[in-house]
Amino acid sequence: MPEPDMIVALTPNLSLDRTMTLDRSLVPGQLHRVTGLTVAAGGKGVNLARAVRAFGGASCVAGVVGGFNGQHFRALLEAEGLENVLEDGEGETRECQALLSGGDPGERGHPTEINEAGPPYQPGAVARLLSHLPQGQVVVCGSLAPNTPGTAFLDMLRGLDRPVVDSSGAGLEAAVQAGASLIKPNEHELEALTGSAALDSARELYRRSGVQVLLTRGAHGAAFVGEEVWEVEAPQIEVKNPVGSGDTLLGTFLWARQGGQSIPDALRLAVAAGSANAMLGGPLKFRADVARELMMRTRLLTPA
Ligand SMILES: Nc1ncnc2c1ncn2[C@@H]1O[C@H](COP(=O)(O)OP(=O)(O)OP(=O)(O)O)[C@@H](O)[C@H]1O
Ligand SMILES: [Mg+2]
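About the criteria used
- Residues numbered from 1 in each chain as written.
- Chains lettered and ligands numbered in written order.
- Predicted model: local features only at pLDDT ≥ 70, side-chain atom pairs only at ≥ 80, totals over all residues.
- Heavy atoms only, no water.
- Near = heavy atom within 4 Å.
- Polar contact = N/O pair within 3.5 Å; in protein donor to acceptor, adjacent residues only side chain to side chain.
- Areas by Shrake-Rupley, 256 points an atom, 1.4 Å probe, with all protein chains shown as cover.
- Helix = DSSP H or I, 4+ residues; strand = E, 2+ residues; numbered from the N terminus.
- Nonpolar A, V, L, I, M, F, W, Y, C, P; charged D, E, K, R; others polar.
- Phe/Tyr/Trp six-rings, centres within 6.5 Å; stacked < 30°, edge-to-face > 60°.
- Buried < 20%, exposed > 50% of the residue type's maximum accessible area, 1.4 Å probe, protein only.
- Salt bridge = Lys/Arg side-chain N within 4 Å of Asp/Glu carboxyl O.
- Core = buried A, V, L, I, M, F, W, Y, C linked by side-chain atoms within 4.5 Å.
- Pairing = 2+ DSSP bridges.
- Axes fitted to C-alpha atoms, helices over the stretch in contact; angles between N-to-C directions.
- Contact = heavy atoms within 4.5 Å.

(A) Region of interest: the site of ligand 1. Residues in contact with ligand 1 amount to 21 residues; listed here are only the nearest, Asn186, Thr216, Gly218, Gly246 and Ser275. Separating an oxygen atom of ligand 1 from a side-chain N or O atom of Lys44 is a distance of 3.1 Å. For ligand 1, whose unbound accessible area comes to 640 Å², protein coverage reaches 85%. Considering every element that reaches the shell around ligand 1, the biggest residue donor is helix 8 (residues 245-258), with 4 residues. Residue composition of the shell around ligand 1, grouped by class: 8 nonpolar, 9 polar and 4 charged.

(B) Broad picture of the packing of aromatic side chains. Scanning the model with the defined rule gives 3 aromatic pairs in all. A centroid spacing of 6.0 Å and a plane angle of 50 degrees characterise the contact between Phe55 and Phe286, whose relative ring orientation is tilted. One end of the pair, Phe55, is in the loop between helix 1 (44-54) and strand 4 (59-65); the other, Phe286, is in the loop between helix 9 (263-280) and helix 10 (288-295), and 231 residues separate them in sequence. You can call Phe55 buried: its relative accessible area is 9%. Counting every residue linked through ring pairs, the aromatic cluster contains Phe55, Trp255 and Phe286.

(C) Looking closely at the pattern of salt bridges. Following the criterion strictly, the structure yields 11 salt bridges and no others. As a salt-bridge pair, Glu95 and Arg18 come within 3.9 Å of each other at their nearest N and O atoms. Residue Glu95 is found in strand 6 (residues 94-100), and its partner Arg18 is found in strand 2 (residues 15-22); the two are separated by 77 residues along the sequence. By relative accessible area, which is 26% here, Arg18 ends up partly exposed. Through salt bridges with shared partners, a single network forms among Glu187, Arg217 and Glu231.

(D) Region of interest: the nonpolar core. In terms of nonpolar packing, the biggest core is built from 39 residues, with Leu10, Val140, Met156, Leu157 and Ile183 touching the most fellow members. Phe55, Phe224, Ala270 and Met295 belong to the second-largest nonpolar core, a separate cluster that totals 38 residues.

(E) Summary view of the sheet that holds strand 7 (residues 112-115). Within the open sheet, the 4 strands sit side by side as 3-2-6-7. Their pairing is mixed. One side of each edge strand has no neighbouring strand; the edge strands of this open sheet are strand 3 (34-42) and strand 7. Going from strand to strand, the sheet's axes swing by 15 degrees on average, the running direction of each strand aside. As paired elements, strand 6 and strand 7 share 4 bridges and run antiparallel to each other. Paired with Leu99 across the bridge in strand 7 is Thr112. On top of the sheet, helix 2 (residues 67-80) reaches strand 2, strand 3 and strand 6; it is set at about 85 degrees to strand 3, its chief contact.

Right, here's the structure in full:
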């Protein structure tokens, strides 16, 4: 029996993530040796589902997989014990490589990411997937499969009844057009959507569309814009790996809201969770107890 409050992370372009630590700083055109390798199921929805589960919530990863990478992906999700609804499709599930420079942790910086595009949009497999999605709050996570027709994505969003959407570019535009309940852009994504990363442009977007905005600002924290407007400053931390911080933040926010927490409380915990993710080294290392501790070091700002 599906749980009524399940958070369903519908991920149109799943991936097999390979994170490599190199023996030294990355220099294009030269040989590097890999000193550490992690292979994990990836795609933004998987990170979101991990965060929800870390807090004891019910989550499920939904998407289309294919080929040997698809089998590997299934096995990795099962090994992690993450619930899933996966439909078999054509082609190979894509691989995304993250390269972490070795040496002094203080000089590592943001990882170099090399992401494949993935197999093209497969209407049949997507239709089968949508026909057996579990009940719950659907969150559409990440990039679209290559060649996804804009109309098909829009129709899918409309059929999902006010989903939450964490995407970029055309995916985010479609989310606003379809009347999503909430979008989670970072500052670059909001600027690409509205021409400005300022809070006022999120307010204007909400006023004209009714779509709530959870805007994330990296080291600066996050803001929520809807009927209520709240801003939260992130704690100062030492960053190990910030990849997936936005996904962890969104999963935490939705879990907390489902549990009846107020928007400012949920936002503080969510910001702390994003920071804990960056501090601990990414979604595989994320821990809810560390997020709860960091929450004390977030700062809620009076809504302007
Ligand atoms: N350097 C940092 N220091 C403290 N907190 C951080 C830092 N970077 C990220 N965070 C936390 O993570 C949250 C989300 O970060 P960000 O805005 O970078 O998301 P994002 O770009 O969507 O990330 P991704 O798509 O990789 O998951 C921030 O709101 C903040 O709480
Ligand atoms: Mg993001």
